Amino acid sequence: MKPINVLIVDDSALIRKMWTELLSSAEGIKVLDTAVDAVDAREKIKRLNPDVLTLDIEMPSMDGLSFLEKIMTLRPMPVIMVSTLTQKGAGATIRALETGAVDYISKPMGALNEDTLTPLKDELISKIKGAAKANLVSRSHQRKSQDTTPVLSFSGNADHIIAIGSSTGGVEALRDIFLTLPANSPPIVMTQHMPEQFTPSFAARLNNLSQVTVSEARHGDRLKQGHAYLAPGGRHMKIVSKGSGLFCHIEDGPLVSGHKPSVDVLFQSVAETVGARAIGAILTGMGKDGAAGMLKMREVGAYTIGQSQNSCVVYGMPKAAFAMGAVMIELPLLEIAAHMLAVCEQKGKKSHVI
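Residues numbered from 1 in each chain as written. Predicted model: local features only at pLDDT ≥ 70, side-chain atom pairs only at ≥ 80, totals over all residues. Heavy atoms only, no water.

Description of the sheet that holds strand β12 (residues 278-282)
As summarised here, the arrangement of the seven strands in space is β8-β9-β7-β6-β12-β13-β14, forming an open sheet in which the pairing is parallel. What marks the edges here is a single partner per strand, and that holds for β8 (213-216) and β14 (329-331). Adjacent strand axes in the sheet meet at a mean angle of 20 degrees, parallel and antiparallel pairs treated alike. Across five bridges, strand β6 (residues 161-166) lies against strand β7 (residues 188-192) in parallel orientation. When the sheet's bridge partners are listed, Ile162 is paired in β7 with Ile188. Relative to the sheet, helix α9 (residues 263-273) contacts β6, β7 and β12, its axis offset from that of β6 by approximately 160 degrees. (Pairing = 2+ DSSP bridges. Helix = DSSP H or I, 4+ residues; strand = E, 2+ residues; numbered from the N terminus. Axes fitted to C-alpha atoms, helices over the stretch in contact; angles between N-to-C directions. Contact = heavy atoms within 4.5 Å.)

Quick look at the pattern of salt bridges
Should the charged atoms of two oppositely charged side chains come close, the side chains can pair. Applying the stated criterion across every chain yields a total of 14 salt bridges. Between Asp176 and Arg175 there is a salt bridge, and its shortest N-O distance comes to 2.9 Å. When its relative accessible area of 2% is taken as the criterion, Asp176 is described as buried. For Arg175, a relative accessible area of 9% corresponds to the buried category. Between Lys260 and Asp252 there is a salt bridge, with the nearest N and O atoms lying 2.6 Å from each other. Among the residues examined, Asp252 registers a relative accessible area of 54% and is labelled exposed. Beyond isolated ion pairs, a larger network of salt bridges with shared partners links Asp33, Asp40 and Lys44. (Salt bridge = Lys/Arg side-chain N within 4 Å of Asp/Glu carboxyl O. Buried < 20%, exposed > 50% of the residue type's maximum accessible area, 1.4 Å probe, protein only.)

Re the pairing of β12
The buried fraction of β12 amounts to five of the five residues, a majority that puts the element mostly inside the structure. Every second residue of β12 is oriented toward a common face, with Ala278, Gly280 and Ile282 on one face and Ile279 and Ala281 on the other, all of them buried. Of the pairings in the sheet, the one linking β12 to strand β13 (residues 303-307) comprises four bridges and is parallel in character. Bridge pairing in β13 places Ile279 opposite Tyr303. Once you follow β12 into helix α10 (residues 291-299) and on to β13, the crossover reads as right-handed. (Right-handed = clockwise from strand over helix to strand, strands pointing away.)

So, the sheet that holds strand β3 (residues 52-56)
On the basis of which strands lie adjacent, the open sheet formed by five strands has the order β2-β1-β3-β4-β5 and parallel pairing. Strands with a single pairing partner mark the edges of an open sheet, and in this sheet they are β2 (29-35) and β5 (103-106). Strand-to-strand twist in this sheet, taken as the mean axis angle between neighbours without regard to direction, amounts to 25 degrees. Helix α1 (residues 13-24) rests against β1 (4-9), β2, β3, β4 (79-83) and β5 of the sheet, and its axis sits at about 170 degrees to β2.

A short note on the nonpolar core
Counting residues in hydrophobic clusters, the biggest one holds 59 residues, and the most contacted among them are Val79, Met81, Ile164, Ile177, Phe178, Met190 and Met340. With seven residues, helix α12 (residues 333-347) is the largest single contributor of residues to this core. Each residue touching Val79, except ones within four places of it in the same chain, is listed here: Leu53, Leu55, Leu68, Ile71, Met72, Ala101, Val102 and Asp103. (Core = buried A, V, L, I, M, F, W, Y, C linked by side-chain atoms within 4.5 Å.)

Here's the deal with a negative patch on the surface
Judged by side-chain charge, Asp11, Glu58, Asp63 and Glu69 come together as a negatively charged surface patch. Here Asp11 shows up in the loop between β1 and α1. You can call Asp11 partly exposed: its relative accessible area is 37%. (Patch = residues over 30% accessible without salt bridge, like charges linked within 9 Å, V, L, I, M, F, W, Y side chains within 5 Å. Areas by Shrake-Rupley, 256 points an atom, 1.4 Å probe, with all protein chains shown as cover. Lys, Arg positive; Asp, Glu negative; His and termini not counted. Charge placed at Lys NZ, Arg CZ, Asp CG, Glu CD.)

With respect to the confidence of the model for the chain
For the chain, the average pLDDT comes to 91, and 94% of its residues sit at 70 or higher. Confidence over residues 349-354 falls short of pLDDT 50; this stretch has 21 contacts with residues more than four positions distant or in other chains. (pLDDT = per-residue confidence, 0-100.)

Quick word on α1
Its twelve residues place the ends of α1 16 Å apart at the C-alpha level, agreeing with the 16 Å of an ideal helix rising 1.5 Å per residue. For α1, the full list of buried residues reads Ile15, Arg16, Met18, Trp19, Leu22 and Leu23. One face of α1 carries all of its buried residues, which in axial projection span an arc of 165 degrees. Structural note: α1 exposes Leu14, Lys17 and Ser24 on the side pointing more than 90 degrees away from its buried face. Residues of α1 that are buried in the fold lie against β1, β2, β3, β4, β5 and α5 (114-132). (Expected span 1.5 Å × (residues − 1). Arc of directions from axis to C-beta.)

Section: the packing of helix α7 (residues 170-178) against α12
Where α7 meets α12, the axes come as close as 9 Å, and the angle between the chain directions of the two elements is 45 degrees. The angle between α7 and α12 falls in the class oblique. Like other packed secondary-structure pairs, α7 and α12 cross with a definite hand, here right-handed. On α12, the residues that touch Ala173, Asp176 and Ile177 of α7 are Leu333, Leu334, Ile336, Ala337 and Met340. Counted by class, the contact of α7 with α12 contains seven nonpolar, no polar and one charged residues. (Parallel < 35°, antiparallel > 145°, perpendicular 65-115°, else oblique. Left-handed = near helix turned anticlockwise from the far one by under 90°. Nonpolar A, V, L, I, M, F, W, Y, C, P; charged D, E, K, R; others polar.)

Things to note about the state of the cysteines
Applying the stated rule across the entire model yields zero disulfides. A disulfide-free cysteine, Cys344 has its sulfur positioned 17 Å from the sulfur of Cys248, the nearest such atom. For Cys344, a relative accessible area of 4% gives the class buried. (Disulfide = S-S within 2.5 Å.)

Brief notes about the environment of Met237
On the secondary structure map, Met237 appears in strand β10 (residues 236-242). Separated by 78 residues in sequence, Met237 and Asp159 have C-alpha atoms that sit 20 Å apart. The contact partners of Met237, leaving out residues within four places of it in the chain, are Val189, Met190, Ala217, Tyr229, Leu230, Ala231, Cys248, His249, Ile250, Val265, Leu266 and Ser269.

Dropping the structure here:
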C-alpha cells in the first residue's frame, strides 16, 4: 500500500528531529521532509505534495493559524496542529480546529524518556493515520452552510436531556450544532475527547458562540434548561439523580474505551439515570468510544442519533455505534440539532421535571 507522506513544519529543530525519529519506524508512514516556517513549508507543499501536514502553531514570519487559513483556502489538506499545553496554546488550538485542522498533538513537557515517548509516538502515529482518512469535503460544505443557518426554536419543556459524544472533528461539529441551539434548549451533557488544559477554553468558546449557557462541568452541577455541561478533560462525567434533580458527577478512574473522559461512561450513566427521557447523539471521531453506552441508551428507550458518514470528518465512533445496533437514525451534521429538539418536543413526558 502507498505510504502516508508527511511534511513536518516546525521552527524548533528539536521537534522536527523528534517527530522524524518517532515516525521513522512506523509502518505505512514516510516523512518526506521538514520545514522551518511557512515560507519553507509553502514551497515544499507545492513540490512534494504531502498527504498530511504537522504544523506548529507558534512560528516566526507567519504563525501557524494564519498559514492554516491559507492552506484551507488555497489547498485543503489534512493538518495536525502541534500545540503547547497552556491556556494560550489551548485557545489557539481550538481556533485551528474550527478553521479546518483535523486534529492536534501537544508538545512534550518535562523529561523525555521511554515512558513518555512511547505513548507520544503511538498518539502521533494514530493521529496521522486518522488524518490521512479524514473527510475534508464535508468540512468545507458545512462551513459554508452553517453561516446561513438560523437559530432554531424550541417549545418543549425540560423533561428530557440531550447527551452528546464526539472526538476527532468534534470541535467543529459541536460548534456548528451550538450555533443553532436556542436559549431554552433542554439540558445538554457532552463528552469531547480533550486534555484537561483545553476543556475550559473550549467550553468558553462554545458559550461565546451559542445562546445556550455552556460551561465545563463541575462536580455537583444541577442540570438546568438552557445550559450545557462539558466533561472536564482528564476525568469522567456521569449523570446522577438526587431527589427531584439530575446532577453532574465528576470522578477520576482508569481509562474507559481508551479515554478519560469517556463517552461510554457518560452514555451508560444517562441510560441508567434518565432512561427513555434521553436523546443521545454520537458525532465524528476515531475509535469506538460511546458505542456500547449508546446501545444501553437505546435498550432503555432513549432516542439515539449517529452522524452520517458523509458529514463526518472521521466516521469511526458513529460507525461502531451503528454496527452495534445502537443508532436509530443517521443524519447529516447540520440536521442533528433540529432533529434532537423535535424529538424532545414530540416525546415530551411530564413525569419528571429537572
